[in-house]
Amino acid sequence: MGSKAIKQLEFDKQLDTTQFRNFQKSGEVQLINQLYAKYMHLIYGVGYKRTKERKAAQKVVIDTYKSMLQQAPKAKIDCFKTWLYQITIEECAKIKGHEEVETTTNSLGNHILDRYRVMDKRLKDCFASLSEEEQKCIELFYQKNRSYREISEELKIPENEIRFKIDGAKEIIHKCLH
């Protein structure tokens, strides 16, 4: 992916976050509806992939919207898309009847760091097996939605090392769980 495309993605992320914060200030549902419409096809895709049923995927779309509206006024987010994805995964888990989110490589970070959801002992042990620095990198990246550059500046570690630590930590946890 070229630097122009990466800059566009960052710009889109900032626009989404600004629009979300404008919704929080004004309460104008139209603002959040526009954001939701932008990602609705992705929500359906995640719902279908996880439930393997069209009707269930449609329910995920509806339930995610309701949950989003309920949480949005008080939500503190850095990235709207990541936050919405997390809600979608939670709704999929509810439909599938699980207490916790199914762990996959893509959602592993969000699953690990959501300390307010039920986590089984294995997952806690896996996370605890990481070095303190790896834990901090994972927390900043997934829970606080910080960029590699922001983490690098905060921890005073080179950006490429941050990338390496996050990727390594995800792999360690994935292997530990499987």
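See the structure printed just above.
Predicted, not measured: the structure shown is a model, and the values here were computed from it.

Section: the overall build of the protein chain
When its secondary structure is counted, the protein chain shows nine helices and zero strands. For the protein chain, the N- to C-terminal ordering of α and β elements is α-α-α-α-α-α-α-α-α. Residue pairs in contact within the protein chain that sit at least 24 positions apart in sequence constitute 57% of those at least 6 positions apart. About 11,100 Å² of surface is accessible on the protein chain, with carbon and sulfur atoms providing 53% of the total.

With respect to the environment of Q143
Checked against the element boundaries, Q143 lands in helix α7 (residues 132-143). The sequence separation of Q143 and T82 amounts to 61 residues, and the corresponding C-alpha distance is 9.7 Å.

Let's talk about helix α8 (residues 148-155)
Along an α-helix, residues three or four apart share an orientation, since each turn contains 3.6 residues. Among the residues of α8, Y148, I151 and S152 are the ones counted as buried. All buried residues of α8 project into a common sector of 100° when viewed along the axis, lining one side. When the buried face of α8 is taken as reference, the exposed residues oriented beyond 90 degrees from it are R149 and E153. Summarising the contacts, the buried residues of α8 are in contact with α7 and α9 (159-177). Looking one or two residues beyond α8, the residue adopting positive phi is K156, at roughly 55°.

Concerning the nonpolar core
Grouped together as the largest cluster of nonpolar side chains are 21 residues, with contacts concentrated most on F20, M68, F80, W83 and L84. Here this core takes seven residues from helix α2 (residues 29-51), the largest share from any one element. Leave out the neighbours within four places in its chain, and W83 touches F20, M68, Q71, A72, A75 and I77. Judged by nonpolar contacts, the second largest core, of 15 residues, contains C126, Y148, I151 and I166.

Cut-offs applied
Residues numbered from 1 in each chain as written. Predicted model: local features only at pLDDT ≥ 70, side-chain atom pairs only at ≥ 80, totals over all residues. Heavy atoms only, no water. Helix = DSSP H or I, 4+ residues; strand = E, 2+ residues; numbered from the N terminus. Contact = heavy atoms within 4.5 Å. Areas by Shrake-Rupley, 256 points an atom, 1.4 Å probe, with all protein chains shown as cover. Buried < 20%, exposed > 50% of the residue type's maximum accessible area, 1.4 Å probe, protein only. Arc of directions from axis to C-beta. Core = buried A, V, L, I, M, F, W, Y, C linked by side-chain atoms within 4.5 Å.

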